[in-house]
Amino acid sequence: MLGTFPPQPKRWSMEFYYPNLQNDMWRIFGLIFFNNKEYFLTPDKKSFNEPLIRSFLEEKGIAIFDTGTAIRRLQDNASDKFLEIVTPTNIGQLLDQIPLCTAIVTTGQKATDTLRLQIQTEEPKVGNYSLFTYKERELKLYRMPSSSRAYPLALEKKAGIYEKMFREIGLI
């Protein structure tokens, strides 16, 4: 799964991907895999449970990274609209390290646009995939809705779209 860079550290509830409590990624995962949107929250509900998330991702074989290794925030917020990718992540290098990878999932438009600068494929519609080839490997590129609450779609609908994708790639 490839997203865009996280918000400023002052908004983090943990030192891992999707750290902002206002972001719904871990609620989406909780709904899909445990039928509980609060599954990945700590008991006090003030942060996400990073060890639980890491363990779950490792068990499922889900890797997460950013589409940029160096970025510049053009305003004091987490909006992708004001995010400049200075150095894109080298997707080929990532795929070389994960030979069993069969699908890449982007979690928003900026992530999709950044990735597509390096691979030759059509842009998939939200919730769907397009095929591409990397060194004789056929892979799927899924374009998923942003987990940001700024993206105008109810949590349950986002979870339904992600669940369909996880079923298609065999993780459910």
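Our subject in this report is the structure included herewith. (Residues numbered from 1 in each chain as written. Predicted model: local features only at pLDDT ≥ 70, side-chain atom pairs only at ≥ 80, totals over all residues. Heavy atoms only, no water.)

**A few points about the overall build of the protein chain**
Argument step 1. Secondary structure summary: the protein chain contains 5 helices and 7 strands in total.
Argument step 2. The proportion of buried residues among the 172 residues of the protein chain is 45%.
Argument step 3. Restricting to contacts in the protein chain with at least 6 residues of sequence separation, those with at least 24 account for 56%.
Argument step 4. Carbon together with sulfur atoms contributes 50% to the accessible area of the protein chain, which is approximately 9400 Å² in total. (Helix = DSSP H or I, 4+ residues; strand = E, 2+ residues; numbered from the N terminus. Buried < 20%, exposed > 50% of the residue type's maximum accessible area, 1.4 Å probe, protein only. Contact = heavy atoms within 4.5 Å. Areas by Shrake-Rupley, 256 points an atom, 1.4 Å probe, with all protein chains shown as cover.)

**Some points on the nonpolar core**
Argument step 1. The biggest cluster of nonpolar side chains holds 28 residues, and the ones touching the most others in it are Met1, Trp26, Phe29, Leu57, Tyr162 and Phe166.
Argument step 2. Listing elements by their share of this core, those giving two or more residues are helix H1 (25-34), helix H2 (50-60), strand E5 (103-106) and helix H5 (155-168).
Argument step 3. It is H1 that provides the largest number of residues to this core, a total of 6 residues.
Argument step 4. Residues within four places of Phe166 in sequence aside, it is in contact with Met1, Phe29, Ile32, Phe33, Ile62, Leu171 and Ile172.
Argument step 5. Counting residues in hydrophobic clusters, the runner-up holds 11 residues, among them Cys101, Ile104, Leu115 and Tyr134. (Core = buried A, V, L, I, M, F, W, Y, C linked by side-chain atoms within 4.5 Å.)

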